[in-house]
Amino acid sequence: MIASMVPAAVSVQAADGDSIRLVNGKIEVDAQLKKLAEMYEKETGTKVEIESMGGGIDIQGTLKGYYQSDNMPDIFVNGSGADFANWTDMLVDMSDQEWASDTDAAYVDESQGTIGFPYTTEAIGLAYNKDILDKAGIDPSTLTSPDAIKEAFETIDSKKDELGLTAVVGYGAEPVNLYWSTGNHLFGTYLDEGLDREDTTYIDMLNDGGKLDEKRFTDFANFVGLLNQYSDPALLVSGTYDQQILNFSSGKYAFVTQGSWIGATMVGDDADAYKEAGNFEVGMIPYAFEDGQDTILTSSPSWWSVYKDGNVEAAEAFLQWLTTDEAQEVLVKEAGFVSPFKSCTIVGDDPFAQTITDYQKAGKTSAWHWSIPGFKEGIAQNYTGQVFADYASGSLDEAGFVKTMQQVLESAYAN
């Protein structure tokens, strides 16, 4: 049924060696990808058909419909381990491609190899307003321990009125709509903060019956307690994502617990508020809940995969071309992406582009193991998000947070 609703223009199969089709999951960059397709056709003669989906469309469901009707694209988007699991043994291992050794953000499956091409980089860290930190006399490069961060929070809190702040931190633990921010992203820092990208110690424990490392998680819980203490009480358990970002863009928080993706909102929907606040410089510090942690978590939010029964050679050639300077210029400068490729020297205008690039160049990044290969589907929404909310509301203390999180994770993995 889904396939029958697709316009005839998108049902063209690549069969003659000079045509490929790409299903993109970010409809907001449709125009930029079509520009790249035109550039590539002029340069190589290969036609690239861009089919963009968004606006609530079930992309994986649509792709399954394509598969059933023998209408698969040559390249298509996957956004999580669960998505990739839909296509086991149907994707091309691209580990032999030149780009694969030029990035840390590819999706690599133990049994299938490199099956996801990263087109951008997003980062998870504690974002900050550099103007506020400068006025408070705080050097963000020194904030690599919980004691240093606590001292910085205390200093800023004591100067809150003169700095024009509503709160030190914009942290939202509302469980219905912001569970992903706490249960995936913030919990993900427990799994990966400070670790080498290949280190799977804590995701392996989690996947072994929902186990936590008690000491590490207790240190993490203590840090989350700091966020609870210095956050905006009006937003902490009942605020929205839009309110959180608008207040940060307006200069009302020194820090905010969101990732680099908020940069697009700051210069987009919140541009007037951001301009009025001085278009301040931003950066990120690690969620350093243990001494010496000095990484931020980076990954591609989704990946492009090559269908093994499609026009593989032409598809791989196009993806490799996307890593060239002429293509990266469009992706970075016009689509607003942050290049995941180490050899790329192009930095965009996104507020967080430079800080992500700096961390990448310094080799100070950790992985997103909540996403790659990921933990049990639905944990954030159905289990962990609520525990963060209960801790934020005060119905759980630190010890209760640790104990309850362990219980709900064991329950989740037992089902």
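J.: Tell me what's going on with the overall build of the protein chain, and back it up with residues and numbers.
T.: The helix and strand tally for the protein chain stands at 18 helices and 13 strands. In terms of overall dimensions, the protein chain is globule-like: its C-alpha atoms have a radius of gyration of 22 Å, near the 22 Å expected for 415 residues. Seen along its three principal axes, the alpha-carbon backbone of the protein chain occupies a region of about 70 × 50 × 40 Å. With 415 residues in all, the protein chain has 58% of them scored as buried. Expressed as a percentage of contacts within the protein chain between residues at least 6 apart in sequence, the contacts between residues at least 24 apart total 74%.

J.: I'd like a rundown of the confidence of the model for the protein chain, residues and numbers included.
T.: Taken as a whole, the protein chain shows an average pLDDT of 93; of its residues, 95% reach a score of 70 or greater. Between residues 1-16, whose pLDDT stays under 50, and residues either more than four places distant or in other chains, the model counts 24 contacts.

J.: I'd like to hear about unusual backbone geometry, residue by residue, with values.
T.: Phi at D89 takes a positive value of approximately 70°, unusual for a residue other than glycine. The class for D89 is exposed, based on a relative accessible area of 54%. Not every positive phi belongs to a glycine, and N279 is a case in point at roughly 45°. Structurally, N279 can be placed in the loop between α12 (271-276) and β10 (282-285).

J.: So what's going on with the nonpolar core? Which residues, and what values?
T.: Core analysis: the largest hydrophobic core is formed by 132 residues, its most contacted members being F153, I156, F187, F255, W304 and M405. Looking at which element gives the most residues to this core, the answer is helix α9 (residues 214-230), with eight residues. Other than its neighbours up to four places away in sequence, I156 contacts L133, A136, I138, L163, L165, V168, A254 and F255.

J.: For the pairing of strand β12 (residues 303-306), give the residues involved together with the corresponding values.
T.: Neither face of β12 is exposed, since W303 and S305 on one face and W304 and V306 on the opposite face are all buried. The sheet contact formed by strand β3 (residues 75-78) and β12 spans four bridges and is antiparallel. Its bridge partner lying in β12, N78 is registered against W303. In this structure, strand β5 (residues 113-118) lies alongside β12, joined through two bridges in antiparallel fashion. Bridged to P118 within β12 is W303.

J.: So what's going on with helix α7 (residues 179-192)? Which residues, and what values?
T.: Taking 1.5 Å per residue as the helical rise, α7 with its 14 residues ought to reach 20 Å, and the 19 Å between its terminal C-alpha atoms agrees with that figure. Taking burial as the measure, the 14 residues of α7 include 13 buried ones, the bulk of the element. Immediately beyond the C-terminal end of α7, within one or two residues, lies G194, with a positive phi of roughly 80°.

J.: Give a detailed account of the pairing of β10, specifying residues and quantitative values.
T.: Burial along β10 is two-sided: V282 and M284 and G283 and I285, pointing in opposite directions, are all buried. In the sheet, strand β7 (residues 126-129) pairs with β10 via four bridges, with the strands oriented antiparallel. The residue of β10 that forms the bridge with N129 is V282.

J.: Tell me about the packing of α9 against helix α17 (residues 379-393), and name the residues and values.
T.: Axis separation between α9 and α17 bottoms out at 9 Å; the angle between their running directions is 55°. Classified by the interaxial angle, the pair formed by α9 and α17 is oblique. Crossing angle aside, the handedness with which α9 passes α17 is right-handed. Residues F220, A221, V224, G225 and N228 of α9 pack against F388, Y391 and A392 of α17.

J.: Talk me through the pattern of salt bridges; I want residue IDs and the actual numbers.
T.: On inspection of all chains with the given rule, the structure shows 11 salt bridges. The closest approach of N and O atoms between K26 and E28, which form a salt bridge, is 3.1 Å. Note on E28: relative accessible area 53%, which makes it exposed. For K160, the salt bridge identified is with D157, shortest N-O distance 3.5 Å. Classification of D157 by relative accessible area gives partly exposed; the value is 32%.

Rules and cut-offs
One numbering rule holds for all chains: residues counted from 1, following each sequence as written. In view of the model being predicted, local features appear only for residues whose pLDDT reaches at least 70, and side-chain atom pairs are presented and counted only at 80 or more, with totals across whole chains, interfaces and linings using the full set of residues. As a rule here, side-chain values come from all non-hydrogen atoms in the structure, and water together with hydrogens is ignored. Counting from the N terminus, the helices are DSSP H or I runs at least four residues long and the strands are E runs at least two residues long. We compute the radius of gyration over the C-alpha atoms and compare it with the globule rule, which gives 2.2 Å times the number of residues raised to the power 0.38. For every residue, the accessible area obtained with a 1.4 Å probe (protein chains only) is divided by the maximum for its type, and the residue is called buried under 20%, exposed over 50%, and partly exposed between those limits. In what follows, a contact means two residues having at least one pair of non-hydrogen atoms within 4.5 Å. You can read pLDDT as the predictor saying how much it trusts each residue, on a scale of 0 to 100. Here, the term nonpolar core denotes a set of buried Ala, Val, Leu, Ile, Met, Phe, Trp, Tyr and Cys residues that are joined through side-chain atoms within 4.5 Å. What makes two strands pair is DSSP finding at least two bridges between them. A helix is expected to span 1.5 Å for every residue after the first. Note on geometry: axes are C-alpha line fits, over the in-contact stretch for helices, and angles between N-to-C directions span 0 to 180 degrees. Every angle not falling under 35 degrees, over 145, or within 65 to 115 is termed oblique; those three ranges are roughly parallel, roughly antiparallel and roughly perpendicular. Put simply, a crossing is left-handed when the front helix is turned counterclockwise from the back one by less than a right angle, and right-handed when it is turned clockwise. For this analysis, a salt bridge means a side-chain nitrogen from Lys or Arg found within 4 Å of a carboxyl oxygen belonging to Asp or Glu.

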